[in-house]
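Below, each chain spelled out in residue letters.
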Amino acid sequence: MRIVHYYRDIYRPSGVTKAIAGWQKAALDAGIESTALHAGSEEQWPLPNANVQHVGRGRQFQIPRLSSHLRLGDVLFLHEGWVTSNIAAANQARNAGVPYIAVPHGVYEPSILSGLKPPVPIRRHLERRMLRDAAAVQTFYDSENAHVKRIARDARTFSVATGINPPSHQWTGGGHYLAWFGRYSVQHKGIDNMLSAYAAVPREHRLPLRLRGIDYMGGKSEVRRLVSLLGLDSDVSVGGPVLGEEKVRFLSEAAGFLFPSRWESQGIALLEALGMGVPSLVSSSIHLADELAGASASIIVDFSDRAAAAKAMTQVVGAAALGANARKYVQTELAWDCQFDALMSNVYRYAT
């Protein structure tokens, strides 16, 4: 068996590409051949990969030519959705006799469906067929399966979350600031709700809030505008991405980590914070929230409830027991070897 991942934009850093890298490395570590197919340069991906010729223009309309890259015995994983490249890849896999598994990464959330660009009926029809004909659809949590079923009632689903190996570095605290990092997508990441709640924290109880991340469609400027509008310029810093040792220090020294996303399966940034044992305040609307609540591994709050979120921001500060539970949860429930074993049991069930 060979595990093949296809994602046109694998060269663009994101939670999706981090997840693909994790799954591919887990396969290689288990002695299973794995490669990634994409539209970028082979030098841009650190693991076995191949550039695939694409025809057409633009992310939405490019069609890959996968046939020469597929062989009998492969299992193809198609990442994200609502793109012509995945529809074409699914058709080519079927013609080659290669089973495929769709991995939506949350793209069937109601908030995304409500913003689909036209022609919506045609796009939903093509997506429904792609999901229906898949060997299975891999979600990360059971609560996501209903979203898949709303698109394709007959789709076969299973849930296995992306894993993480806890870093050797652990939370120490002492930095006297709250932290957020990710992508400056204001609505999706709930940054507006977070800032509104933060503004409601009494000044005498308010720690500085440090935001770090990559820009997204002008979102960074929008965040700076919101900070000024709320009169928070002296309390909130809006910076660029943090990487490597800088990110380790940023997380390990933070008094608490905030994760206010309006929708999300789990979030790679959150997993990294939890894995280090950073006390975390997590949005109740993400799929991982119930699991974390059950393990007493985070404070869970509705960030749209300004007063409740503001109060929770003071409670998460320095909550060492919460952080210890978070790290233990990651070690026991999300370790890569366990997650990959669970994935492969479903691959053998549905795709072989």
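Presented here is an overview of the structure given in this document. These numbers were taken from a predicted model, which means no experiment stands behind them. (Residues numbered from 1 in each chain as written. Predicted model: local features only at pLDDT ≥ 70, side-chain atom pairs only at ≥ 80, totals over all residues. Heavy atoms only, no water.)

## Details of the sheet that holds strand β11 (residues 209-215)
Logical step 1: Pairing in this open sheet of six strands is parallel, and the strands run β12-β11-β10-β13-β14-β15 from one edge to the other. The open sheet has two edge strands, β12 (236-239) and β15 (299-301), and neither has a second partner. If you compare each strand with its neighbour and ignore which way they point, the axes differ by 20 degrees on average.
Logical step 2: As paired elements, β11 and β12 share four bridges and run parallel to each other. Across the sheet, Arg 210 pairs through a bridge with Ser 237, a residue of β12.
Logical step 3: Where helix α8 (residues 244-252) meets the sheet, it contacts β10 (178-184), β11 and β13 (256-259), and its direction lies at approximately 135 degrees from that of β10. (Pairing = 2+ DSSP bridges. Helix = DSSP H or I, 4+ residues; strand = E, 2+ residues; numbered from the N terminus. Axes fitted to C-alpha atoms, helices over the stretch in contact; angles between N-to-C directions. Contact = heavy atoms within 4.5 Å.)

## With respect to the packing of helix α9 (residues 268-276) against helix α12 (residues 320-333)
Logical step 1: Their axes nearest at 6 Å, the elements α9 and α12 cross at an angle of 110 degrees. Relative to α12, the element α9 lies roughly perpendicular. At the point where α9 passes α12, the crossing takes the left-handed sense. Facing Leu 274, Gly 275 and Met 276 of α9, the residues of α12 in contact are Ala 326, Arg 327 and Val 330.
Logical step 2: The residue inventory of the contact of α9 with α12, partitioned by class, reads four nonpolar, one polar and one charged. (Parallel < 35°, antiparallel > 145°, perpendicular 65-115°, else oblique. Left-handed = near helix turned anticlockwise from the far one by under 90°. Nonpolar A, V, L, I, M, F, W, Y, C, P; charged D, E, K, R; others polar.)

## What to know about the nonpolar core
One broad rule of soluble globular proteins: the nonpolar side chains tend to lie buried together.
Logical step 1: Residues Phe 257, Leu 270 and Leu 288 are the most contacted members of the largest nonpolar core, which totals 52 residues.
Logical step 2: Per element, the largest residue contribution to this core is seven residues, and it comes from α9.
Logical step 3: Among residues more than four places away in sequence, those in contact with Leu 288 are Tyr 141, Ser 265, Gln 266, Leu 270, Leu 271, Leu 274 and Tyr 329.
Logical step 4: Membership of the second largest hydrophobic core comes to 30 residues, among which are Leu 209, Val 301, Val 316 and Ala 319. (Core = buried A, V, L, I, M, F, W, Y, C linked by side-chain atoms within 4.5 Å. Buried < 20%, exposed > 50% of the residue type's maximum accessible area, 1.4 Å probe, protein only.)

These values are about where atoms sit, not about what they do.
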